[in-house]
Amino acid sequence: MFSIITIAITGVLLLYLGFLKNRWIYISVAITGLITALALSVFSWNSLETSFSNMLIIDNYAIAFNSVMIFATILIFLLAPHYFKGIEKNVPEIYALLMFSLAGACMVTSFDNLTMLFIGIETMSIPLYILAGSKKFSIRSNEASFKYFIFSSLATAIFLLGITLVYGMVGSFHVGDISNYFTITKEIPSILKVGIVLLVISFGFKIAAVPFHFWAPDVYEGSPTLITAFMATVVKIAGFAAFYKLLSTCFILVPDSWHHLILGLSVLSLIIGNLAAIKQKDVKRMLAYSSISHTGFMLFAILSFNSFSASSLLYYSFAYALSTIAAFGVLMVVKNHMSADGSVQAFEGLAKKNPILAIVMTISMLSMAGIPITAGFFAKYYIFVSAIQGGWLWIVIIGILAALVGVAYYLKLIIAMFAKTSETEKIVTSPLYITSLLVATVLILIAGVLPNLIISLI
Amino acid sequence: MENITSAIRIIPLEHYLFLCLALFSIGVIGVLFRRNTIVILMCIEMMLNSVNLLLAAFSSYRSDPSGQVFVFFIMVVAAAEVAVGLSILVMMKRNVDSIDINLLNKLKD
């Protein structure tokens with residue numbers, strides 16, 4: 001609760017600090033606020049807290065996901081000063097909007113009332129429409145912003161219709177009342193099932209699961225890379241945490257109405273995400289499709305509700321966030337310095353002059369591919385174990401095949417960095433930038449060697 | 001208040017449901033098929049307002065005020081969304097001097 005308030009207040013403060021015209025003040029205030037919020041969040045561990053007349057419930061599940069998201073945002077903020085170097089205008093506004101979006105994301109994971117879920121999702125999404133278009137004079141950024149706006153609003157409307165139909169049949173927005181309704185009622189009205197299906201579809205939009213993914217590659221490609229990193233990590237994790245919580249608390253007793261849908265979303269995301277990623281030339285677009293395929297893996301946790309699936313989802317989110325931030329971090333500087341279009345060719349021979357960047361990118365790619373001693377390996381392992389425990393052996397086989405296909409395009413990038421030799425220049429980055437990348441990389445390795453640190457949390 | 005609730009209940013609930021679903025579907029079709037961005041924004045508004053109407057109907061049929069409170073939340077969020085959406089349109093208009101959606105095809109495979 002206090003961590004959400006801290007994040008929101010830091011956002012407002014940043015707007016006022018914009019008058020000072022000093023970019024080191026913005027970033028230090030932002031990072032201080034985020035670290036305070038992270039500390040407040042971590043220290044409230046094991047203390048179950050409800051607020052706003054039971055609309056918000058902050059349990060260990062919410063705290064764990066909030067901490068991962070706040071930590072990911074800190075890493076993104078460390079990348080920001082270098083990314084915005086030379087851009088003087090509107091930087092504090094961008095920081096403030098990122099803060100507001102994060103506050104919404106923290107509300108989404110801890111809802112106990114569908115009203116709060118709706119408010120949280122909107123608080124998270126509305127700043128992102130602006131952020132996606134924050135390169136004001138680039139038509140590609142405008143296009144990304146508008147596409148994100150339209151499809152996100154469409155998803156919101158579908159989500160609201162779903163909530164309304166559930167409310168109409170149950171008579172309450174409260175999570176506890178909805179789950180009670182299903183224990184009492186044996187014959188579920190079909191209109192309620194329609195409502196549940198609409199809710200699942202709208203979340204499919206938000207987490208970019210195939211066939212509701214079509215906006216994601218365009219939006220990821222057109223937005224500024226820093227914002228893409230935020231969207232691909234924080235927003236997706238928040239979406240998953242909320243999706244998991246919604247289905248596991250409200251609709252766990254009526255699995256027939258959504259199980260097949262999740263199954264379809266998961267299998268299609270794995271197949272189409274990976275196959276489309278192979279043929280991409282642009283690295284940012286390839287990462288967008290790879291993020292769609294990760295959606296397919298993360299949906300396994302929702303498919304197999306058991307005591308293990310929440311922690312496997314948490315571990316996957318953590319591993320995925322770290323590797324995505326590291327990958328986008330390297331992509332940002334390579335794209336800026338090589339004056340290239342961000343295609344795979346831009347990475348050729350990177351290891352010669354910029355060994356640190358090449359190693360960071362390699363480890364993050366290996367983690368995304370799921371190679372051992374990186375966090376990505378155990379992320380996939382745990383999520384497969386959770387699916388097998390739920391009795392979904394055949395889908396695990398599809399998952400393993402998809403992961404093998406995934407290795408192909410991740411390796412393509414690694415080979416380009418190390419094997420090909422072409423003339424590259426040395427890329428100068430700031431110490432903060434390198435710190436962020438190295439922290440992410442080291443944590444990928446630590447989490448890959450000692451997975452019990454995270455997997456035993458919730 | 002009591003009069004309004006009883007007035008709403010004169011019409012059977014199914015009629016509200018069909019009306020709202022029809023409005024919602026018109027909105028979805030408009031978003032997907034119209035080429036003018038202003039019309040797309042209007043269609044999104046229409047979807048949200050059809051949900052509002054349905055919520056108000058359900059709320060008075062169940063004699064439960066929380067549905068009507070939810071309507072206020074939706075209105076606030078819809079206003080914020082449209083403000084952002086229109087400003088994105090202004091930004092686009094400055095760059096390409098048009099708001100036709102067919103110009104938005106720079107990003108593709």
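Everything that follows concerns the structure shown earlier in this document.
Let me begin by describing the structure that accompanies this report. Predicted model, so just to flag it, every value in this text is computed and none were measured.

Rules used in this analysis
- Residues numbered from 1 in each chain as written.
- Chains lettered and ligands numbered in written order.
- Predicted model: local features only at pLDDT ≥ 70, side-chain atom pairs only at ≥ 80, totals over all residues.
- Heavy atoms only, no water.
- Salt bridge = Lys/Arg side-chain N within 4 Å of Asp/Glu carboxyl O.
- Helix = DSSP H or I, 4+ residues; strand = E, 2+ residues; numbered from the N terminus.
- Buried < 20%, exposed > 50% of the residue type's maximum accessible area, 1.4 Å probe, protein only.
- Contact = heavy atoms within 4.5 Å.
- Buried area = accessible area lost by both parts, 1.4 Å probe.
- Patch = residues over 30% accessible without salt bridge, like charges linked within 9 Å, V, L, I, M, F, W, Y side chains within 5 Å.
- Areas by Shrake-Rupley, 256 points an atom, 1.4 Å probe, with all protein chains shown as cover.
- Phe/Tyr/Trp six-rings, centres within 6.5 Å; stacked < 30°, edge-to-face > 60°.
- Lys NZ or Arg CZ within 6 Å of the ring centre and 35° of its normal.
- Axes fitted to C-alpha atoms, helices over the stretch in contact; angles between N-to-C directions.
- Left-handed = near helix turned anticlockwise from the far one by under 90°.
- Nonpolar A, V, L, I, M, F, W, Y, C, P; charged D, E, K, R; others polar.
- Expected span 1.5 Å × (residues − 1).
- Core = buried A, V, L, I, M, F, W, Y, C linked by side-chain atoms within 4.5 Å.

The next point concerns the pattern of salt bridges. All names here are of chain A. Scanning the entire structure with this criterion turns up six salt bridges over all chains. A salt bridge links Glu 221 to Arg 140; the nearest nitrogen and oxygen atoms lie 2.8 Å apart. Here Arg 140 lies in helix α6 (residues 139-170) and Glu 221 lies in helix α9 (residues 215-222), a separation of 81 residues in the sequence. Looking at Glu 221, the relative accessible area reads 11%, which means it is buried. Here Asp 218 ties to Lys 147 by a salt bridge, and the two come within 2.9 Å at their closest N and O atoms. Linking Asp 218 in helix α9 with Lys 147 in helix α6, this pair joins segments that are 71 residues apart in sequence.

This next bit is on the interface of chain A and chain B. Taken together, the 45 residues of chain A in the interface contact 41 residues of chain B. Overall, the association of chain A and chain B removes approximately 3800 Å² of surface from exposure, summing both partners, and the carbon and sulfur fraction of that is 77%. Looking only at chain A, the three residues that lose the most surface to chain B are Glu 143, Phe 146 and Tyr 167 of chain A, adding up to 17% of its buried area. Counting the contacts that link chain A with chain B gives zero salt bridges.

Residues and elements named next belong to chain A. Residues Ile 373, Val 442, Ile 446, Val 449, Leu 450 and Leu 453 make up a contiguous nonpolar surface patch of about 560 Å² in total accessible area. In terms of residues, the nonpolar patch owes the most to one element, helix α18 (residues 431-449), which gives three residues. For Ile 446, the location among the structural elements is in helix α18. Residue Ile 446 is classed as partly exposed on the basis of its relative accessible area of 36%.

Residues and elements named next belong to chain A. Counted under the stated rule, the structure contains 35 aromatic pairs over all chains. Measuring from ring centre to ring centre gives 5.2 Å for Phe 377 and Phe 378, while their planes differ by 70°; the resulting arrangement is edge-to-face. A cation over an aromatic ring shows up here: Lys 245 above the ring of Phe 111, its NZ or CZ 5.5 Å from the ring centre. The ring of Phe 297 has Lys 380 lying over it, and the distance from NZ or CZ to the ring centre is 4.7 Å.

Turning our attention to the packing of α6 of chain A against α9 of chain A. All names here are of chain A. Axis separation between α6 and α9 bottoms out at 8 Å; the angle between their running directions is 145°. Helix-helix and strand crossings are classified by hand; for α6 and α9 the assignment is left-handed. Along the contact surface, α6 presents Arg 140, Ser 141, Ala 144, Lys 147, Tyr 148 and Phe 151, while α9 presents Trp 215, Asp 218, Val 219, Glu 221 and Gly 222. For the contact of α6 with α9, the residue count by class is five nonpolar, two polar and four charged.

Turning our eyes to something else, we now look at helix α3 (residues 37-62) of chain B. In a regular helix each residue adds 1.5 Å, so 26 residues correspond to 38 Å; α3 of chain B covers 38 Å between its end C-alpha atoms and thus fits that length. Ser 63 of chain B sits one or two positions beyond α3 of chain B and adopts a positive phi of about 50°.

Attention now goes to the nonpolar core. Residue and element names in this part refer to chain A. Judged by nonpolar contacts, the single largest core of 226 residues is most densely connected at Leu 117, Phe 251 and Phe 347. Among the elements that take part in this core, helix α13 (residues 309-337) stands out by supplying 19 residues, more than any other. For Leu 117, the contacting residues outside a window of four places in its chain are Val 108, Phe 111, Phe 159, Phe 203, Ala 242 and Leu 246.

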